[in-house]
Amino acid sequence: MKNHDEYLYIGRQLLDAQPFSKFVGAKLTTFNEGEAVLEIPIKENLLQQNGFVHGGVLSYAADNALTFTGGSVLGPHVLTSEYKINYVRPAIGESLIATGLVVYAGKRQAVCRCDVEVIKNGEKKLCATAQGTIVTFDPSLKI
């Protein structure tokens, strides 16, 4: 079993290898067995025409938090098999926090859930919630 610092170091390396994560400014702030938290500063280039954070950014945050969470119990070679997201409130504020938790984990798949909250003036509000299935894959297989 790895300690918190080891998980976080590995997780940050994996996140840093994702160009889109760099583009949105995502930071992995918590990464433990069964839990992952991503934070994204809200910038103008992440907004849609009404001034809300674009749904695709909320979806990215949920998907990545789910995958990191599943990977924390399954290992580094994981993919999202499926997920569903519910947008519950427009995201307006300074930053997003996506918190993923494992609901169930077997040998080759994990079911995880994620809440995406927006922080505005120090107050957190739920803006989306998601659930997904994360699965292992064999990295030697090339498509």
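Source: prediction; values computed, not measured.

This part covers unusual backbone geometry. At Asn121, a residue that is not glycine, the phi angle is positive and equals roughly 55°. Structurally, Asn121 can be placed in the loop between β5 (109–120) and β6 (123–136).

Sheet topology places strand β1 (residues 27–32) next to strand β2 (residues 35–41); 5 bridges connect them, and they run antiparallel. Note that in β2 the partner of Lys27 across the bridge is Glu39. Between β1 and β2, which pair antiparallel in sequence order, lie 2 residues; one of them, Gly34, sits at a positive phi of approximately 90°.

By definition, the strands of a sheet pair up through backbone hydrogen bonds, in either a parallel or an antiparallel sense. The strand order across the open sheet built from 6 strands is β1-β2-β4-β5-β6-β3, with neighbouring strands paired in antiparallel fashion. Each of the sheet's edge strands pairs with one partner strand only, and the pair in question is β1 and β3 (78–87). Recorded for the sheet is a direction-independent mean angle of 20° between the axes of neighbouring strands. Two elements, β2 and strand β4 (residues 95–105), share 7 bridges in a ladder whose sense is antiparallel. The partner of Glu35 across the bridge, within β4, is Leu101.

Time to look at the nonpolar core. Across soluble globular proteins, nonpolar side chains have a tendency to be buried as a group. One finds Leu28, Ile40, Leu96 and Val116 to be the most contacted residues of the largest nonpolar core, which totals 36 residues. Looking at this core, the elements with two or more residues in it are α1 (4–16), β1, β2, α3 (55–74), β3, β4, β5 and β6. With 9 residues, α3 is the single largest residue contributor to this core. Once you skip the residues sitting within four places of it in the chain, Leu96 turns out to touch Leu38, Glu39, Ile40, Ile42, Val53, Val57, Leu58, Ala91, Val116, Glu117, Val118 and Cys127.

Reading guide: rules and limits
- Residues numbered from 1 in each chain as written.
- Predicted model: local features only at pLDDT ≥ 70, side-chain atom pairs only at ≥ 80, totals over all residues.
- Heavy atoms only, no water.
- Helix = DSSP H or I, 4+ residues; strand = E, 2+ residues; numbered from the N terminus.
- Pairing = 2+ DSSP bridges.
- Axes fitted to C-alpha atoms, helices over the stretch in contact; angles between N-to-C directions.
- Core = buried A, V, L, I, M, F, W, Y, C linked by side-chain atoms within 4.5 Å.
- Buried < 20%, exposed > 50% of the residue type's maximum accessible area, 1.4 Å probe, protein only.
- Contact = heavy atoms within 4.5 Å.

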